Amino acid sequence: MHRVELSIRRTLECHGCGVCVGKCSNDVIVIEGGVAVIGDGCVYCRKCIEVCPVVKFG
Ligand code: SF4
Ligand code: SF4
């Protein structure tokens, strides 16, 4: 699946499980209002996408 499509799907379907938070080496992910929000400093390493259950199993 295309990278942008994955990111969009994750944003739409995120349920705030928090799995991605600990995987970000730059610590730029926070859970706000029950969804993951990526702040400034993302280096697009994709580690958070690889572990996201929405992307993996959705
Ligand atoms: S792509 Fe990498 S740097 Fe960006 S939020 Fe995900 S884990 Fe963090
Ligand atoms: S791992 Fe996926 S579903 Fe869980 S908080 Fe992060 S983006 Fe949302």
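Listed in full, the eleven residues of the largest apolar core are Leu6, Cys20, Cys24, Val28, Ile29, Cys48, Ile49, Val51, Cys52, Val54 and Val55. Broken down by secondary-structure element, the contributors of at least two residues to this core are helix H2 (47-51) and helix H3 (53-57). No other element matches H2, which puts three residues into this core. Excluding residues within four positions of it along the chain, cysteine 20 makes contact with Ile29, Ala36, Cys48 and Val51.

For the rest of this paragraph, the subject is the site of ligand 2. Looking at ligand 2, there are 13 residues lining it, with Cys14, Cys17, Gly18, Cys20 and Cys52 nearest. Along the lines of polarity and charge, the residues of the shell around ligand 2 split into nine nonpolar, three polar and one charged.

If you trace the backbone, glycine 34 turns up in the loop between strand S1 (29-32) and strand S2 (35-38). Look at glycine 34 and you get partly exposed, because its relative accessible area is 39%. Put simply, glycine 34 and cysteine 14 are 20 residues apart on the chain and 8.2 Å apart in space, counted from C-alpha to C-alpha. Aside from chain neighbours lying at most four places away, what touches glycine 34 is Cys14, His15 and Gly16.

Turning to the site of ligand 1, a few remarks are in order. In the vicinity of ligand 1, the residues found are Cys24, Val28, Ile29, Ile38, Cys42, Val43, Tyr44, Cys45, Arg46, Lys47 and Cys48. Residue composition of the shell around ligand 1, by class: nine nonpolar, no polar and two charged.

Along the polypeptide, arginine 10 turns up in helix H1 (residues 3-13). Although buried, arginine 10 forms no salt bridge, and the nearest oppositely charged side chain, glutamate 13, lies 10 Å from it.

Turning our attention to the pairing of S1. Across four bridges, S1 lies against S2 in antiparallel orientation. The residue of S2 that forms the bridge with valine 30 is valine 37. Counted between consecutive antiparallel strands, the loop separating S1 from S2 contains two residues, among which glycine 33 sits at a positive phi close to 60°.

Rules and cut-offs
Residues numbered from 1 in each chain as written. Chains lettered and ligands numbered in written order. Predicted model: local features only at pLDDT ≥ 70, side-chain atom pairs only at ≥ 80, totals over all residues. Heavy atoms only, no water. Core = buried A, V, L, I, M, F, W, Y, C linked by side-chain atoms within 4.5 Å. Buried < 20%, exposed > 50% of the residue type's maximum accessible area, 1.4 Å probe, protein only. Helix = DSSP H or I, 4+ residues; strand = E, 2+ residues; numbered from the N terminus. Contact = heavy atoms within 4.5 Å. Near = heavy atom within 4 Å. Nonpolar A, V, L, I, M, F, W, Y, C, P; charged D, E, K, R; others polar. Lys, Arg positive; Asp, Glu negative; His and termini not counted. Salt bridge = Lys/Arg side-chain N within 4 Å of Asp/Glu carboxyl O. Pairing = 2+ DSSP bridges.

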